[in-house]
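Chain by chain, the residues:
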Amino acid sequence: MTITHTPKQNNQSALTSNLTIEGITQSAVICYFSKMNAGEYPATAALFADNGAMLPPFEEPIEGKEAIANYLEAEAKGMQLFPHEGIAETLEGEQTQIQVTGKVQTPLFSVNVSWIFVLSPTEEILSARIKLLASSQELLKLRR
């Protein structure tokens, strides 16, 4: 993974990430991680299809762009996503499934994660399933 920070041209103090993920070329997935790390949750949600769904761990699916944006605003603040590598495969109906592994850092803990995206032929995110890659003991420590 390569993350390069370059200042924006419009004099904002925020930084823009030029993100690459080994094995992944689909711009919707790369934008997902860039927008999430920038805290741009409405822009992240806009990458989803109108009926797209986010499937976070231990929660019911979050469906629709507005619901996803609201969920991220409430739950994702302070998170930094560090995708490492991914694999893409074509599914029936010209959809693409992309699995990315990496790490999520929150203010309280760090955990290994797998993201499984299903993209439409036009690269809208149909679903994004987030799976924690941790043992039961590691997960119990997170609850404390």
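Above this text is the structure in question.
Thresholds, definitions, all that
Residues numbered from 1 in each chain as written. Predicted model: local features only at pLDDT ≥ 70, side-chain atom pairs only at ≥ 80, totals over all residues. Heavy atoms only, no water. Helix = DSSP H or I, 4+ residues; strand = E, 2+ residues; numbered from the N terminus. Buried < 20%, exposed > 50% of the residue type's maximum accessible area, 1.4 Å probe, protein only. Contact = heavy atoms within 4.5 Å. Areas by Shrake-Rupley, 256 points an atom, 1.4 Å probe, with all protein chains shown as cover. Salt bridge = Lys/Arg side-chain N within 4 Å of Asp/Glu carboxyl O. Arc of directions from axis to C-beta. Pairing = 2+ DSSP bridges.

Draft legend 1. Up close: the overall build of the protein. Tallying secondary structure elements over the protein gives 4 helices and 8 strands in all. Reading the protein from its N terminus to its C terminus gives the helix and strand order β-β-α-α-β-β-α-β-β-β-β-α. Looking at the protein as a whole, 36% of its 144 residues are labelled buried. Here the analysis covers contacts within the protein between residues at least 6 apart in sequence; of these, 40% occur between residues at least 24 apart. As displayed, the protein offers around 8,700 Å² of accessible surface, 50% of which is attributable to carbon and sulfur atoms.

Draft legend 2. Quick peek at the environment of Val 118. With respect to the helices, strands and loops of the structure, Val 118 is situated in strand S7 (residues 110-119). According to the relative accessible area criterion, Val 118 is buried, its value standing at 15%. Sequence separation between Val 118 and Thr 96 is 22 residues, and the spatial gap between their C-alpha atoms is 5.6 Å. Excluding its chain neighbours within four sequence positions, the residues that come into contact with Val 118 are Leu 91, Gln 95, Thr 96, Gln 97, Glu 124, Ile 125, Leu 126 and Ser 127.

Draft legend 3. Layout of the pattern of salt bridges. According to the stated counting rule, one finds 3 salt bridges in the structure shown. Between Lys 35 and Glu 40 there is a salt bridge, with the nearest N and O atoms lying 3.4 Å from each other. Between Glu 73 and Lys 77 there is a salt bridge, with its nearest N and O atoms 2.9 Å apart. According to the relative accessible area criterion, Glu 73 is partly exposed, its value standing at 32%. Given the relative accessible area of 52%, Lys 77 is considered exposed.

Draft legend 4. Broad picture of helix H3 (residues 65-75). Buried residues of H3: Ile 68, Ala 69, Tyr 71 and Leu 72, and no others. All buried residues of H3 project into a common sector of 165 degrees when viewed along the axis, lining one side. Away from the buried face of H3 by more than 90 degrees, exposed residues Glu 66 and Ala 74 are located. At its buried positions, H3 is contacted by helix H1 (27-37), helix H2 (41-45), strand S3 (48-55) and strand S4 (62-63).

Draft legend 5. Local environment of the pairing of S7. With 8 of 10 residues buried, S7 is to be regarded as a mostly interior element. As judged from the 10 bridges shared by strand S6 (residues 96-105) and S7, these two strands associate in the antiparallel manner. Residue pairing across strands places Val 104 opposite Val 111, the latter belonging to S7. In this structure, the hairpin formed by S6 and S7 is closed by a connection of 4 residues. The pairing of S7 with strand S8 (residues 125-132) spans 7 bridges and is classified as antiparallel. Looking at S8, one finds that Phe 117 is bridged to Ala 128.

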